[in-house]
Protein chains: 2
Amino acid sequence: MLKNSEFIDKLRSSGLRPTKQRLKICEVLFNRDKTFHFTINDLAKNISEQLNEKISLATVYNTVHAFKNKGYLKEISINSDKSYFDTNITNHHHFFDEDSNELIDCDEDVIENLNIKKNITGKKINSVEVLIKVASDNQNQN
Amino acid sequence: MLKNSEFIDKLRSSGLRPTKQRLKICEVLFNRDKTFHFTINDLAKNISEQLNEKISLATVYNTVHAFKNKGYLKEISINSDKSYFDTNITNHHHFFDEDSNELIDCDEDVIENLNIKKNITGKKINSVEVLIKVASDNQNQN
DNA sequence: ATATAAATTATAATTATTCTAAACTGTTGA
DNA sequence: TCAACAGTTTAGAATAATTATAATTTATAT
């Protein structure tokens, strides 16, 4: 459980003003035991459940993007109509449950020896993401 | 270079009527030497360049989804405002060039021994996709 | 040929996201 | 302390991809 002053320091140190909206969003995102996988909509709902004044949707978008750019959030590649974010910024991979549209972290021992042996000339690798799509065993796939 | 009659057979055999729109789309998608990575917009533009009568955008969407459901196309996971599709339906992975928003197939020898050792209980694995995001070496990442 | 189901179409509707411009707030330094 | 300025928030409009609708057209089986 992080203190408010810790969030203030963190934001200031990365050049973001610690506004009350951002502090609230920090609290919702980072005061958790487990990784939080969310869409903007999940986050907005989560905030409004915990708060009587509302935070504008535009601010939620702005803040999530600011946090992503500062490296406090990761965006996860899923071909979907929405973007997914992850509070776990360590190098790790995901299952995506197509039944529930839910992301699940892969434990380290799920993927063995992932090793990229070549790269495109003149480019640097920014990220390597593995996405394992799963669905209920008895589901009709048509 | 596949013949029209081959596309007709293929469509019929999967329960899709071989309409002239679908045949034209088959031609654009599958009469190629190399894998085609595309967005709906890419495809629509490609069609309209080759055709004097137009195919409705709704039909392009319908057809791409039908082909995907029949397994003639793969959808690639990228967090982007658009969906990307691939005519290469074999098991393979991708680079995504963030400078140009372009997908590039990974050769088989790029990723070594990708091995999924565990799965979510009660689910079956539908796909495993690796996406390697790259960008120009000297690019500012903020 | 004709009936029927499937497909196409233009257009409207929906949804996620970004933009805009005005109001507000945090911070700096006189 | 407080004025000024840049950074932030905000509601709502704008944009863009995609899906839905409902009428028309087409493929095919009889």
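Please read these numbers as outputs of a predicted model, since none were measured by experiment. (Residues numbered from 1 in each chain as written. Chains lettered and ligands numbered in written order. Predicted model: local features only at pLDDT ≥ 70, side-chain atom pairs only at ≥ 80, totals over all residues. Heavy atoms only, no water.)

Engineer: Tell me what's going on with the interface of chain A and chain B, and back it up with residues and numbers.
Structural biologist: Listed as interface residues are 43 residues of chain A and, on the opposing side, 43 residues of chain B. Here chain A meets chain B over a buried area of about 3900 Å², counting both sides, of which 46% is carbon and sulfur. Interface area lost by chain A to chain B is led by Asn79, Lys123 and Lys124 of chain A, which between them contribute 15%. Between chain A and chain B we count 8 salt bridges in total. Elements with a minimum of two residues in the side of chain A that touches chain B: β2 (74-76), β4 (94-97), β6 (111-112), β7 (115-116) and β8 (123-136) of chain A. Here the side of chain A that touches chain B takes 14 residues from β8 of chain A, the largest share from any one element. Its residues assigned to classes, the side of chain A that touches chain B shows 16 nonpolar, 13 polar and 14 charged. Bridge count for β7 of chain A against strand β6 (residues 111-112) of chain B is 2 bridges, and the pairing is antiparallel. Across the sheet, Asn115 of chain A pairs through a bridge with Glu112 of chain B, a residue of β6 of chain B. (Contact = heavy atoms within 4.5 Å. Buried area = accessible area lost by both parts, 1.4 Å probe. Salt bridge = Lys/Arg side-chain N within 4 Å of Asp/Glu carboxyl O. Helix = DSSP H or I, 4+ residues; strand = E, 2+ residues; numbered from the N terminus. Nonpolar A, V, L, I, M, F, W, Y, C, P; charged D, E, K, R; others polar. Pairing = 2+ DSSP bridges.)

Engineer: Can you explain the side chain of Asp86 of chain A? Please cite residues and give values.
Structural biologist: All names here are of chain A. By secondary structure assignment, the location of Asp86 is in strand β3 (residues 84-86). We note that Asp86 is buried and unpaired, the nearest opposite charge coming from Lys74 at a distance of 6.0 Å. One polar contact links the side chain of Asp86 to the main-chain amide nitrogen of Asn88, over a distance of 2.7 Å. Among the polar contacts listed, one links the side chain of Asp86 to the side chain of His94, at a separation of 2.7 Å. If near-sequence neighbours (up to four positions away) are discounted, Asp86 is found in contact with Thr35, Phe36, His37, Phe38, Leu73, Lys74, Ile76, His92, His94 and Asp105. (Buried < 20%, exposed > 50% of the residue type's maximum accessible area, 1.4 Å probe, protein only. Lys, Arg positive; Asp, Glu negative; His and termini not counted. Polar contact = N/O pair within 3.5 Å; in protein donor to acceptor, adjacent residues only side chain to side chain.)

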